Amino acid sequence: MNTKLPETIETATFGLGCFWSPDAQFGLIEAVVRTRVGYAGGTTANPTYHNIGNHIEAVEIDFDPSQISYPELLEIFWISHNPHQSPSWSRQYMDAVLYRTESQRQCVELKLDREKAKGGEIYTLIQPLTQFYWAEDYHQKYYLRQEPELMKEFDRTCDRTQFINSLVAAKVNGYVAGCGSLSNLEREIRNFGLSAAGCQKLEKIVSRSRH
Ligand code: MHO
């Protein structure tokens, strides 16, 4: 697969409940080049999964802004949660936009104004990102990690950071999680560089989850 990174990369940071799912969902979006999960939005120093403090579970999405815009990603975020639902019992799972730049802040404010005009309380947490702490390896590309046969394909070729940053891993994780269709998979699977057995395994998982 052509994994050459674009010249300019922008990053979006969202919270959408447990971070396993948005990692998979956004990993399959065209023009997303990398994803990773972590903890953000709080003040506790060096959070971990078992000592998350006042952080939330978040996903970082690196994307090519010449192919998809921040407002477009924000739109996907917006329809992926219910902003009118009062905050989750746990801060850890809050839906959140953690904006990183003044331009992102303006896009979020604009979106918020439009949504507020429609009426109803909006509970989505909106705040600037101060720091993003990577989550433990076992949370990165979580669904893919549950498939040892597919993991073998990556263990052969990548170290841990390469795996987390791999676009192929992000996509395969999305397919394993059931976020992509079999017809889309068929279009791109030959570019993933998987062995014949790996391709077969992934196709089997996707056909099972869809039909
Ligand atoms: N323990 C929950 C959520 C995990 S998530 C990383 C589960 O097993 O679904 O918070």
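Everything numeric here is computed off the predicted structure, so don't read it as measured data. (Residues numbered from 1 in each chain as written. Predicted model: local features only at pLDDT ≥ 70, side-chain atom pairs only at ≥ 80, totals over all residues. Heavy atoms only, no water.)

**Examining the nonpolar core**
Counting residues in hydrophobic clusters, the biggest one holds 27 residues, and the most contacted among them are Phe14, Phe26, Ile61, Tyr70, Leu73 and Phe77. If you tally residues by element for this core, the top one is helix H2 (residues 70–79), at 5 residues. Among all residues touching Phe14, those that are not within four sequence positions of it are Phe26, Glu57, Ala58, Val59, Ile61, Tyr70, Leu73, Leu74, Phe77, Ala96 and Val97. Listed in part, the 21 residues of the second largest apolar core include Leu144, Met151, Ala169 and Val176. (Core = buried A, V, L, I, M, F, W, Y, C linked by side-chain atoms within 4.5 Å. Buried < 20%, exposed > 50% of the residue type's maximum accessible area, 1.4 Å probe, protein only. Helix = DSSP H or I, 4+ residues; strand = E, 2+ residues; numbered from the N terminus. Contact = heavy atoms within 4.5 Å.)

**Examining the packing of helix H1 (residues 20–27) against helix H7 (residues 167–176)**
Contact pair H1 / H7: the axes reach a minimum separation of 7 Å and the direction vectors enclose 110°. With respect to their mutual orientation, H1 and H7 come out roughly perpendicular. In the packing of H1 onto H7, the handedness of the crossing is left-handed. For the pair H1 and H7, contact is made by Asp23, Ala24 and Gly27 and by Ala170, Lys171, Asn173 and Gly174, respectively. Class assignment of the residues belonging to the contact of H1 with H7 gives a composition of 2 nonpolar, 3 polar and 2 charged. (Axes fitted to C-alpha atoms, helices over the stretch in contact; angles between N-to-C directions. Parallel < 35°, antiparallel > 145°, perpendicular 65-115°, else oblique. Left-handed = near helix turned anticlockwise from the far one by under 90°. Nonpolar A, V, L, I, M, F, W, Y, C, P; charged D, E, K, R; others polar.)

**A short note on the site of the ligand**
Within the structure, the ligand sits among Cys18, Phe19, Trp20, Tyr49, Glu57, Gln92, Tyr93 and His139. Between the ligand and the protein, one listed contact pairs an oxygen atom with a side-chain N or O atom of Tyr49 at 3.1 Å. Glu57 places a polar side-chain atom, nitrogen or oxygen, 2.6 Å from an oxygen atom of the ligand. Across the complex, the protein chains shield 62% of the 310 Å² of accessible surface that the ligand would expose by itself. Residues belonging to the shell around the ligand are distributed by class as follows: 5 nonpolar, 2 polar and 1 charged. (Near = heavy atom within 4 Å. Polar contact = N/O pair within 3.5 Å; in protein donor to acceptor, adjacent residues only side chain to side chain. Areas by Shrake-Rupley, 256 points an atom, 1.4 Å probe, with all protein chains shown as cover.)

**Some words on the pattern of salt bridges**
Between side chains of opposite charge, pairing is possible as soon as their charged atoms come close. Under the counting rule described, the total for this entry stands at 14 salt bridges. Its salt-bridge partner being Asp137, residue Arg160 comes within 2.7 Å of it at the nearest N-O pair. Taken together, the residues Arg160 in helix H6 (residues 160–165) and Asp137 in the loop between strand S6 (132–134) and helix H4 (142–145) connect sequence positions 23 residues apart. One network of salt bridges, with partners in common, ties together Arg34, Arg36, Glu60, Asp62 and Arg100. (Salt bridge = Lys/Arg side-chain N within 4 Å of Asp/Glu carboxyl O.)

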